[in-house]
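Residues per chain, in single letters:
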Amino acid sequence: MSRIGKLPISVPAGVDISVDNDNAVTVKGPKGSLTTKVDRDIIVAIEDGTLTVTRPTEQKRHKAMHGLYRSLINNMVEGVSKGFEKKLELVGVGYKASLVGSTLELALGYSHNVYIALPGEVSATAVTDKGKNPIVTLTSIDNQLLGQVAAKIRSLRKVEPYKGKGVRFVGEIIRRKAGKTASK
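If you're wondering where the values come from, they're calculated on a predicted model, not measured in any experiment.

Caption draft 1: Focus on the overall build of the chain. Secondary structure assignment for the chain yields two helices and 13 strands. Its C-alpha atoms give the chain a radius of gyration of 21 Å, more than 25% over the compact-globule value 16 Å for 184 residues. For the chain, the spread of C-alpha atoms along the three principal axes comes to 70 × 45 × 25 Å. The buried share among the 184 residues of the chain stands at 35%. When the accessible surface of the chain is totalled, it reaches about 11500 Å², and 50% of it is carbon and sulfur. Considering the chain, the positive charge centre built from 29 side chains and the negative charge centre built from 17 side chains are found 14 Å apart.

Below you can see the structure in the form of structure tokens.
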């Protein structure tokens, strides 16, 4: 049995979960509503405030989807009740971030600024304190979309291993390399 798939999901107060005939799971909570389509073979059952995900057989395909759908539904429940947050740090001289409406403007050392239109489900704040690196905070109820947007921003200027300049997650450990050294 899948270690993740067999774990029950406890439904917090204020969160309503419904499963329709097409096996689409809808989760409504204080922060919003999310829907995902679950494979028709996977069984989603709600009993006494807990949700369980079970698979019909031990086929490789069913085993692969068991833990996946349990994690997706758990992220939906957590998202509509608490929400998710990711923080990105811009490390480099002259790196800046500002928010204009729903567009994030980044100065990342290129000859031009980079503009990113954020999806409606993702909200952002950009904080620049004197003497510190700019920090962009992304928040959303959809963990999958939030991770995708954060990865897109990070890919604009990946962290290089010599000086550590680039866009990184707050708390991310970067493996540094030693530069060239003079011989004798």
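Caption draft 2: Summary view of the sheet that holds strand 1 (residues 9-10). What the three strands build is an open sheet, ordered 1-6-5; its pairing is antiparallel. Each edge of the sheet is formed by a strand with only one pairing partner; in this case those strands are strand 1 and strand 5 (43-47). In the sheet, strand 5 pairs with strand 6 (residues 50-54) via five bridges, with the strands oriented antiparallel. Counted as the bridge partner of I46 is L51 from strand 6.

Caption draft 3: Layout of the layout of surface pockets. Looking at the largest pocket, its volume works out to about 170 Å³. Lining of the largest pocket is provided by L34, T35, T36, L72, N75, M76, F84, I141, D142, N143 and Q144. Taken together, the elements giving at least two residues each to the lining of the largest pocket come down to strand 4 (32-37), helix 1 (60-81) and helix 2 (143-155). Grouping the constituent residues of the lining of the largest pocket by class yields five nonpolar, five polar and one charged.

Caption draft 4: Highlighting the sheet that holds strand 7 (residues 84-91). Spatially, 11-12-7-13 is the arrangement adopted by the four strands of the open sheet, whose pairing is antiparallel. On the outer flanks of this sheet lie strand 11 (123-127) and strand 13 (166-169), each paired with one strand and no other. Neighbour-to-neighbour, the strand axes of this sheet turn through a mean angle of 20°, independent of strand direction. Here strand 7 pairs with strand 12 (residues 135-140) via six bridges, running antiparallel.

Caption draft 5: Examining the nonpolar core more closely. Residues L90, L106, I116, L138 and I153 are the most contacted members of the largest nonpolar core, which totals 22 residues. Going through the elements one at a time, strand 7, strand 9 (103-107), strand 10 (114-117), strand 12 and helix 2 are the ones with two or more residues in this core. Per-element accounting of this core gives the leading share, five residues, to helix 2. Ignoring anything within four residues of it in the chain, the contact list for L90 reads Y95, K96, A97, L106, L108, N133, P134, V136, G166 and V167.

Caption draft 6: Spatial organisation of the UniProt feature "domain: Large ribosomal subunit protein uL6 alpha-beta" (unreviewed entry) in the chain. According to UniProt, the positions carrying the feature "domain: Large ribosomal subunit protein uL6 alpha-beta" (unreviewed entry) are residues 11-83 and 91-168. Within residues 11-83, the helical portion is 30% and the strand portion 36%, while the C-alpha atoms at the span's ends are 15 Å from each other.

Caption draft 7: Expanded view of the packing of aromatic side chains. Tallied over the entire structure, the rule returns zero aromatic pairs. A cation over an aromatic ring shows up here: K86 above the ring of F169, its NZ or CZ 5.9 Å from the ring centre. Residue placement shows R157 over the ring face of Y110; its charged tip is 4.2 Å from the ring centre.

Caption draft 8: Representation of unusual backbone geometry within the structure. You will see that N23, though not glycine, has its phi angle at about 65°, which is positive. Inspection of the secondary structure assignment puts N23 in the loop between strand 2 (16-19) and strand 3 (24-29). The class of N23 is buried, set by a relative accessible area of 11%. Of note, the phi angle at D48 is positive, near 50°, even though the residue is not glycine. Within the fold, D48 resides in the loop between strand 5 and strand 6.

Here is what the cut-offs are and how they apply
- Residues numbered from 1 in each chain as written.
- Predicted model: local features only at pLDDT ≥ 70, side-chain atom pairs only at ≥ 80, totals over all residues.
- Heavy atoms only, no water.
- Helix = DSSP H or I, 4+ residues; strand = E, 2+ residues; numbered from the N terminus.
- Rg over C-alpha atoms; globule rule 2.2 N^0.38 Å.
- Buried < 20%, exposed > 50% of the residue type's maximum accessible area, 1.4 Å probe, protein only.
- Areas by Shrake-Rupley, 256 points an atom, 1.4 Å probe, with all protein chains shown as cover.
- Lys, Arg positive; Asp, Glu negative; His and termini not counted.
- Charge placed at Lys NZ, Arg CZ, Asp CG, Glu CD.
- Pairing = 2+ DSSP bridges.
- 1 Å grid on protein atoms, 1.4 Å probe; cavity = no way out; pocket = protein on both sides within 12 Å on 5 of 7 lines; lining within 4 Å.
- Points joined across faces, edges and corners; volume = space filled by probe spheres on them.
- Nonpolar A, V, L, I, M, F, W, Y, C, P; charged D, E, K, R; others polar.
- Axes fitted to C-alpha atoms, helices over the stretch in contact; angles between N-to-C directions.
- Core = buried A, V, L, I, M, F, W, Y, C linked by side-chain atoms within 4.5 Å.
- Contact = heavy atoms within 4.5 Å.
- UniProt positions renumbered as here; feature names shortened; annotations may be inferred.
- Phe/Tyr/Trp six-rings, centres within 6.5 Å; stacked < 30°, edge-to-face > 60°.
- Lys NZ or Arg CZ within 6 Å of the ring centre and 35° of its normal.

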